[in-house]
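Residue-level listing of the chains:
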Amino acid sequence: ATATATRLELVAAPSPLGPHPTKPRARSCAAAATMARLAAALAALAWCVVDAKVLRSQQQPPPEPAAEAPEKAKDGGFGSKGDACMACKASGTASCAMFKSCVCYATNGHFSVGGVPNPTDTAHFAWACGNEGGSKYELCFAVSNELYEDTFGDKIDPNNLKCP
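Predicted, not measured: the structure shown is a model, and the values here were computed from it.

Observations regarding the side chain of Lys-89
Within the secondary structure, Lys-89 sits in helix α3 (residues 81–92). Ignoring any residue separated from it by four or fewer positions in sequence, one finds Lys-89 in contact with Ala-66, Ala-67, Cys-104, Phe-141, Phe-152 and Asp-154.

This is how it looks when you write it as structure tokens:
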């Protein structure tokens with residue numbers, strides 16, 4: 001206990017060199033550490049910029065759509081599930097990002113409601129890249145051979161990929 005008390009007294013005692021002789025040194029160490037972090041961040045940023053330039057130079061054009069999108073009906077939806085699925089296929093195959101992530105589902109947006117007169121337009125189909133909308137969304141394209149078919153039901157040539 002006396003060694004600790006003596007040490008505390010030494011730390012607490014004023015320095016013969018003046019007040020806080022280590023403060024300027026501590027500030028310069030902190031500044032050096034900040035400068036080192038800044039230099040590391042700038043080096044990382046320069047690496048990212050160079051890497052992005054390399055990626056841009058290797059970009060390929062978007063693929064041609066595998067289907068033509070059908071026209072929407074006057075109400076803004078598609079007239080059938082098949083039309084909605086073809087619209088999904090046209091969008092999904094025209095972009096490598098969608099091609100690799102989209103699984104087409106379609107649903108009819110018309111739902112019968114009790115107490116409301118029967119409408120004349122009961123076909124209002126929409127598509128989505130996934131069935132997260134619920135059980136009313138149905139898969140558009142059944143894939144029988146996952147190895148040589150894409151999610152749009154088209155054959156795949158493993159030696160000539162649409163989106164490598």
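Having seen the model, we can carry on.
Structural notes on the nonpolar core
What tends to happen in soluble globular proteins is that the nonpolar side chains get buried as a cluster. With 14 residues, the main nonpolar core has Cys-104, Cys-140, Phe-141 and Phe-152 as its most contacted residues. For this core, the leading source of residues is α3, giving 4 residues. In this structure Cys-140 touches Cys-85, Cys-104, Tyr-105 and Ala-106, once residues within four positions along its chain are discounted.

Things to note about the state of the cysteines
As enumerated under the stated definition, the model contains 4 disulfides in all. The disulfide bridge from Cys-96 ends at Cys-163, spanning 2.1 Å between sulfur atoms. Measuring handedness by torsion sign, the sulfur bridge of Cys-96 and Cys-163 sits at about -85 degrees and is left-handed. Taken as a pair, Cys-96 in helix α4 (residues 96–101) and Cys-163 in the segment after β3 (138–139) lie far apart in primary sequence, 67 residues in all. Given the relative accessible area of 23%, Cys-96 is considered partly exposed. Looking at Cys-163, the relative accessible area reads 7%, which means it is buried. Between the sulfur atoms of Cys-102 and its disulfide partner Cys-129 the distance amounts to 2.0 Å. A torsion of -85 degrees about the S-S bond marks the disulfide between Cys-102 and Cys-129 as left-handed. Taken together, the residues Cys-102 in the loop between α4 and β1 (105–108) and Cys-129 in the loop between β2 (125–128) and β3 connect sequence positions 27 residues apart. The class for Cys-102 is buried, based on a relative accessible area of 1%.

Brief notes about the sheet that holds β3
Overall, antiparallel pairing links the 3 strands, which are arranged β2-β1-β3 in an open sheet. Strands with a single pairing partner mark the edges of an open sheet, and in this sheet they are β2 and β3. Sheet analysis places β1 next to β2, joined by 4 bridges and oriented antiparallel. Bridging across to β2, Asn-108 finds its partner in Phe-125. In the packing of α3 onto the sheet, the strands contacted are β1, β2 and β3, and the crossing angle to β2 comes to about 35 degrees.

A few points about the pattern of salt bridges
For the structure shown, the criterion picks out 3 salt bridges. Here Lys-81 makes a salt bridge to Glu-138, at a shortest N to O gap of 3.1 Å. Linking Lys-81 in helix α3 with Glu-138 in strand β3, this pair joins segments that are 57 residues apart in sequence. Look at Lys-81 and you get partly exposed, because its relative accessible area is 26%. Between Lys-89 and Asp-154 there is a salt bridge; the shortest N-O distance is 2.8 Å. Taken together, the residues Lys-89 in helix α3 and Asp-154 in the segment after β3 connect sequence positions 65 residues apart. Judged by relative accessible area, Lys-89 falls into the buried class, the value being 9%. For Asp-154, a relative accessible area of 22% translates into the label partly exposed.

Here is what the cut-offs are and how they apply
Residues numbered from 1 in each chain as written. Predicted model: local features only at pLDDT ≥ 70, side-chain atom pairs only at ≥ 80, totals over all residues. Heavy atoms only, no water. Helix = DSSP H or I, 4+ residues; strand = E, 2+ residues; numbered from the N terminus. Contact = heavy atoms within 4.5 Å. Core = buried A, V, L, I, M, F, W, Y, C linked by side-chain atoms within 4.5 Å. Buried < 20%, exposed > 50% of the residue type's maximum accessible area, 1.4 Å probe, protein only. Disulfide = S-S within 2.5 Å. Pairing = 2+ DSSP bridges. Axes fitted to C-alpha atoms, helices over the stretch in contact; angles between N-to-C directions. Salt bridge = Lys/Arg side-chain N within 4 Å of Asp/Glu carboxyl O.

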